[in-house]
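# Fold and contact review
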Amino acid sequence: MTPLLQAKGLRLAFGGLKAADGIDLDVEAGEFLAIIGPNGAGKTTFINMTTGYLKPQGGSIAFEGKPILGLSPRRIVGLGVARSFQLPQLFTEHTVLQNVALAVAAREGVWSVLNPLLRPRFRDEAEELISRFGLARITDVRADALNEGARKLVDIAMAVALRPRLLLMDEPTSGVAAAEKMGIVETLVRVLREAGVTAVFVEHDMEVVGRFADRVAVWGQGRIAALGPPARILNDPEVQRTVIGTLPPGGTHAAA
Ligand SMILES: Nc1ncnc2c1ncn2[C@@H]1O[C@H](COP(=O)(O)OP(=O)(O)OP(=O)(O)O)[C@@H](O)[C@H]1O
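The structure reproduced in this document is the subject of the present report. (Residues numbered from 1 in each chain as written. Predicted model: local features only at pLDDT ≥ 70, side-chain atom pairs only at ≥ 80, totals over all residues. Heavy atoms only, no water.)

## Observations regarding the site of the ligand
Taken together, 13 residues lie around the ligand, and Gly 40, Gly 42, Lys 43, Thr 44 and Thr 45 are the ones closest in. Between the ligand and Thr 45 there is a distance of 2.6 Å, counted from an oxygen atom to a side-chain nitrogen or oxygen. A distance of 3.4 Å separates an oxygen atom of the ligand from a polar side-chain atom of His 204. Contact with the protein chains removes 61% of the 640 Å² of surface that the ligand exposes when unbound. Of all the elements, helix α1 (residues 43-50) adds the most residues to the shell around the ligand, at three residues. Residue classes in the shell around the ligand are distributed as five nonpolar, six polar and two charged. (Near = heavy atom within 4 Å. Polar contact = N/O pair within 3.5 Å; in protein donor to acceptor, adjacent residues only side chain to side chain. Areas by Shrake-Rupley, 256 points an atom, 1.4 Å probe, with all protein chains shown as cover. Helix = DSSP H or I, 4+ residues; strand = E, 2+ residues; numbered from the N terminus. Nonpolar A, V, L, I, M, F, W, Y, C, P; charged D, E, K, R; others polar.)

## Considerations on the sheet that holds strand β9 (residues 215-220)
Judged by pairing direction, the sheet is mixed, and its six strands sit side by side in the order β6-β7-β8-β3-β9-β10 without closing on themselves. With one partner strand each, in any of the chains shown, β6 (81-84) and β10 (223-228) form the two edges of the open sheet. Neighbour-to-neighbour, the strand axes of this sheet turn through a mean angle of 20°, independent of strand direction. Across four bridges, the pairing between strand β3 (residues 32-36) and strand β8 (residues 198-202) is parallel. Bridge pairing in β8 links Ala 34 to Phe 201. The sheet strands contacting helix α5 (residues 148-160) are β6 and β7 (166-170), and the helix crosses β7 at an angle near 155°. (Pairing = 2+ DSSP bridges. Axes fitted to C-alpha atoms, helices over the stretch in contact; angles between N-to-C directions. Contact = heavy atoms within 4.5 Å.)

## Thoughts on the packing of aromatic side chains
This structure, assessed with the given rule, holds two aromatic pairs. Taken together, a centroid distance of 5.3 Å and an interplanar angle of 55° make the contact between Phe 46 and Trp 219 tilted. Within this pair, whereas Phe 46 is found in helix α1, its partner Trp 219 is found in strand β9, the two being separated by 173 residues in sequence. The pair formed by Phe 46 and Trp 219 is uniform in burial state, with each residue classed as buried. The side chain of Arg 83 reaches across the aromatic face of Tyr 53, ending 4.7 Å from its centre. The ring of Phe 32 is capped by Arg 193, whose NZ or CZ atom sits 4.0 Å from the centre of that ring. (Phe/Tyr/Trp six-rings, centres within 6.5 Å; stacked < 30°, edge-to-face > 60°. Buried < 20%, exposed > 50% of the residue type's maximum accessible area, 1.4 Å probe, protein only. Lys NZ or Arg CZ within 6 Å of the ring centre and 35° of its normal.)

## Let's talk about the environment of Thr 173
One can find Thr 173 in the loop between β7 and α6 (178-194). Classification of Thr 173 by relative accessible area gives buried; the value is 3%. In sequence terms Thr 173 and Gln 86 are 87 residues apart; their C-alpha atoms lie 8.6 Å from each other. Leave out the neighbours within four places in its chain, and Thr 173 touches Lys 181, Val 185, Glu 203, Asp 205 and Val 208.

## Some thoughts on the packing of α5 against α6
Angle between the axes and distance between the axes: these two values describe a pair of packed helices. One can describe the packing of α5 onto α6 by two numbers: an axis separation of 10 Å at closest approach and a directional angle of 10°. Relative to α6, α5 is oriented roughly parallel. Of the residues in α6, those touching α5 at Gly 149, Ala 150, Leu 153, Ile 156 and Val 160 are Glu 180, Ile 184, Thr 187, Leu 188 and Leu 192. Partitioned by chemical class, the residues of the contact of α5 with α6 number seven nonpolar, two polar and one charged. (Parallel < 35°, antiparallel > 145°, perpendicular 65-115°, else oblique.)

## Regarding the nonpolar core
By size, the foremost hydrophobic cluster in this structure holds 54 residues, and its most contacted members are Val 100, Phe 133, Leu 167, Leu 188 and Leu 192. Of the residues forming this core, the biggest block, eight residues, is contributed by α5. Among residues more than four places away in sequence, those in contact with Leu 167 are Ala 82, Arg 83, Ser 84, Ile 156, Ala 159, Val 160, Leu 192, Val 197, Thr 198, Ala 199 and Val 200. Core analysis: the second largest hydrophobic core is formed by 26 residues, Leu 10, Ala 41, Ile 47 and Ile 68 among them. (Core = buried A, V, L, I, M, F, W, Y, C linked by side-chain atoms within 4.5 Å.)

## Comments concerning the environment of Gly 70
Structurally, the position occupied by Gly 70 is in the loop between β5 (66-67) and α2 (73-79). Overall, Gly 70 belongs to the exposed group, its relative accessible area being 55%.

## Considerations on the environment of Ile 36
Structurally, Ile 36 can be placed in strand β3. Using a relative accessible area of 0% as the deciding quantity, one classes Ile 36 as buried. Linking Ile 36 and His 94, residues 58 residues apart in sequence, is a C-alpha distance of 33 Å. Filtering out sequence-adjacent residues up to four positions away, Ile 36 remains in contact with Lys 43, Glu 203, Met 206, Val 209, Val 216, Ala 217, Val 218, Trp 219, Leu 234, Val 239 and Val 243.

Remember, this is a structural readout, not a statement about activity or role.
Following this line, the structure appears as structure tokens:
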């Protein structure tokens, strides 16, 4: 079967720095794939290339078998690939409802920030989506008054409003308070699974990766250093040493 997303030989250098140095990755429909790796390994660069924000200098990317490399971010969204950002991109002076309604309107080709709530169809859909994310109690709260966990969920709700088949999330739990983290991930995984959305997410919290990823890709200096099920990857001594940091340099077993 054709993979949902297929990246082959992606290369991109910034000056002498190879942020992508021959990335080959297939993402299968329905899976949750976690990307882990040290800072600067090129994880965000991969998301940027896949969503049209950066153009690789070599290689190819196909979504549902069709080439998407070189298309604008908006065209790629239109084909069914959405993303969320490490820093949520919300309209801070607008309420949660207005933000999500704007995303619904954008999907329908209405790009105006002039009150999308005037259209009951957009408003109803936004309200329904907000309640699926368990955010009904903050529907009318302005985005700049939200905590980081709520901001992340609203950002992802806006991406889901675009009705993607693939969603790429850049560090969905970064900045979220530890006590809130698992609840946030449980919510977004539930919504994405119910909606049949395949997910690729960059994550630094290995407990989140272990609980929610079907496969894990380990990034190292613009390359995929390891790829496989979480039970194997997270217990790999080399991954523990270079990414997770539980082993002393040269150590062979996890520190207590
Ligand atoms: N637009 C750019 N111009 C120049 N250098 C860039 C650009 N984007 C990324 N880089 C560099 O490319 C390398 C890979 O960056 P990237 O953001 O993809 O890493 P990352 O694995 O996502 O890191 P982190 O976990 O810190 O977010 C870094 O050294 C970064 O400084």
